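Close look at the chain arrangement
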Amino acid sequence: MLSSIMNFEGSGSLQSMATSTSFLFFSLTFLFSLFSFLVFISRMKPWCNCPTCRSFLTKSWTNRFNNFCDWLTHLLINSPTGTIHIHCVGYIITSNPDNIEYILKTHFDKYTKGKPLSIILGDFLGRGIFIVDGDSWKFQRKMASLELGSVAIRSYAFETIMDEIKTRLIPVIASKARDKTKSLAEAETEGKYILDLQDILRRFSFDVTCKFSFGTDPACLLPSLPSSHFAEAFDMVSNISAMRGLAALPMIWKIKRFFKIGSEKKMSEAINVMNNLAYDIIKQRREIGFSSKKDLLSRFLSSVNEDDKFLRDIIISFLLAGRDTVSAGLVAFFTLLSKNPKVEQLIREEVNRVMNPIHEFPTFNEIRQMHYINAAVHESLRIFPPVQTNSKFAEEDDVLPDGTVVKKGNRVSYHPYAMGRMEKLWGPDCLEFKPERWLKDGKFVQEDTFKYPVFHGGLRICLGKDLALMNMRSVVAAIVPRFQIRVVGPNYEPHFVPGLTASLKDGLPVKVYETK
Ligand code: HEM
């Protein structure tokens with residue numbers, strides 16, 4: 001009895017000790033979190049009342065500009081250094097090529113993807129190449145460059161692209177092209193004649209990327225235009241991820257994610273759809289065997305076969321790299337070509353001049369000789385880069401070459417979209433679509449990477465650049481001689497939705513006419 005009372009008393013004092021220890025622990029944790037939060041807030045300057053921060057926080061920029069990128073362009077053009085600072089969120093944006101070279105090349109280690117980016121994009125891209133640093137990045141870059149850099153792979157990629165163009169892209173566009181024997185009214189009542197080029201080109205790029213990178217054919221670009229839950233999910237996740245990156249109070253999306261409500265609920269459902277596709281692809285590849293295959297996924301499967309989550313991250317990252325960028329580039333190209341019939345004519349003349357007349361489609365070597373097409377593709381990417389802005393995070397306090405003061409943890413971005421609109425970089429005709437600016441004596445001449453960072457630059461330069469350009473040039477050489485594509489609406493202006501790659505809010509409605 002006594003012993004049980006003693007035990008009881010003993011356990012009581014033990015309990016009260018445990019309670020006060022927990023209380024102390026939680027109080028300290030709370031005070032520490034409060035302190036960190038205040039330090040964080042003080043660095044962010046959320047009270048900043050400068051016109052840029054005011055406009056950012058109240059979104060008053062929307063009164064004058066359709067797109068966030070157009071507002072930033074306006075600010076960057078009017079900044080004497082070509083750099084701006086949105087203090088309230090610690091966000092520095094530059095259009096100065098010297099700063100860009102400093103961040104991406106000469107001081108690479110000081111500017112990393114860092115933890116903030118993996119918090120924003122981790123649910124979408126996991127540990128994929130776009131958001132990791134250090135050894136994980138080096139490993140993925142090495143594996144991907146073995147795949148994307150090999151000469152044998154280039155001709156395999158070219159065959160894959162041409163096959164998709166011949167058997168799917170051309171028949172689908174032709175099915176919507178206006179039949180010359182019918183009147184406009186007849187064609188319109190048949191539902192023919194207008195198509196969403198953004199949708200068609202995304203389907204095209206999705207098929208090509210899956211065939212090339214994962215050895216599977218999703219057959220997304222068919223005349224029936226099958227609905228793709230995956231594509232819808234992918235677009236939604238890209239959009240919500242971009243919104244997270246622009247949030248003035250990141251705490252809000254984090255709370256929404258914790259309680260699985262609103263946009264974060266949609267995001268988590270969409271991620272499940274994407275994951276199902278990625279895991280299906282992995283399963284299929286295991287079933288058909290991968291040791292003799294040379295596609296990118298097979299290479300990764302041979303090294304990290306057991307880690308399905310990591311393989312999923314690789315698949316999603318390469319879909320983002322290949323599908324959305326190339327299609328956004330082609331959408332930009334046809335938007336600009338629609339208003340520039342002279343360029344269209346010069347492209348047709350070049351194809352006629354270079355291509356062997358007994359061929360129906362140009363060969364790999366013939367496309368390489370089409371300098372005007374190469375120039376026109378680079379020019380369209382200058383005006384509408386698929387990746388409009390790209391960010392790194394400062395690892396330490398620093399000063400950029402133009403004198404901009406950077407604090408540890410600041411987000412530092414460069415802005416190719418704004419740069420393409422700057423007189424001081426491209427001259428007074430910078431807003432014109434002029435492929436000629438890329439030609440010297442009829443030959444294509446490359447520009448400095450940091451003046452034209454459309455494919456990034458420095459140590460993390462895009463690994464798919466040559467493949468993407470070959471893909472775009474092949475589509476142009478095959479489509480432009482066969483079809484005249486005209487954007488609907490005389491004063492069409494693109495309206496972008498927030499996303500990791502440029503994406504048009506209402507697609508790109510076009511009218512198509514056959515030329516032959
Ligand atoms: C017009 C098309 C393309 C454009 C404009 C483009 C642009 C870019 C940009 C801006 C980056 C830097 C991204 C970042 O670090 O956040 C990048 C990286 C990368 N791109 Fe592309 N890209 C294109 C097509 C492709 C294609 C088709 C592939 C491969 C199938 C590809 C593979 C990659 C990879 C693997 C990286 C990561 C490089 C690294 O972090 O080391 N890209 N690209």
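First, a word on what this report is: a plain description of the structure on this page. As the structure is a computational prediction, the values presented were derived from the model and not from experiment.

**Things to note about the overall build of the protein**
Helix and strand content of the protein: 20 helices and 14 strands. Within the protein, the proportion of its 516 residues that are buried is 40%. Counted over contacts in the protein with a minimum sequence separation of 6, partners at least 24 positions apart contribute 73%.

**Comments concerning the site of the ligand**
Near the ligand there are 24 residues, and of these Thr325, His456, Cys462, Gly464 and Ala468 occur at the shortest range. Listing elements by their share of the shell around the ligand, those giving two or more residues are helix H6 (134–149), helix H14 (308–338) and helix H20 (465–479). Among the elements that make up the shell around the ligand, the one with the highest residue count is H14 (six residues). For the shell around the ligand, the class distribution of residues is 15 nonpolar, seven polar and two charged.

**Some remarks on the sheet that holds strand S2 (residues 91–94)**
Backbone-to-backbone hydrogen bonds join strands into a sheet, with any given pair of strands oriented parallel or antiparallel. The strand order S1-S2-S8-S5-S3 describes an open sheet built from five strands, whose pairing is mixed. Edge positions in the open sheet fall to strand S1 (83–86) and strand S3 (111–112), since each of these has one partner strand only.

**Focus: the packing of H14 against helix H17 (residues 371–383)**
Running from N to C, H14 and H17 point in directions that differ by 100 degrees, and their axes come no closer than 9 Å. Classified by the angle their axes make, H14 and H17 are roughly perpendicular. Along the contact surface, H14 presents Gly329, Ala332, Phe333 and Leu336, while H17 presents Val377, Ser380, Leu381 and Ile383. By residue class, the composition of the contact of H14 with H17 is six nonpolar, two polar and no charged.

**Regarding the pairing of strand S5 (residues 390–394)**
With two bridges connecting them, S3 and S5 associate as antiparallel partners. Along S5, the bridge assignment pairs Thr112 with Phe393. Bridge analysis of S5 against strand S8 (residues 411–414) gives four bridges, and the strand direction is antiparallel. In the sheet register, Asn390 faces S8, and the bridge partner there is Tyr414.

What counts, and where the lines are drawn
- Residues numbered from 1 in each chain as written.
- Predicted model: local features only at pLDDT ≥ 70, side-chain atom pairs only at ≥ 80, totals over all residues.
- Helix = DSSP H or I, 4+ residues; strand = E, 2+ residues; numbered from the N terminus.
- Buried ≥ 20, exposed ≤ 12 C-beta atoms within 10 Å, placed from the backbone.
- Contact = placed C-beta atoms within 7 Å.
- Near = placed C-beta within 6 Å.
- Nonpolar A, V, L, I, M, F, W, Y, C, P; charged D, E, K, R; others polar.
- Pairing = 2+ DSSP bridges.
- Axes fitted to C-alpha atoms, helices over the stretch in contact; angles between N-to-C directions.
- Parallel < 35°, antiparallel > 145°, perpendicular 65-115°, else oblique.

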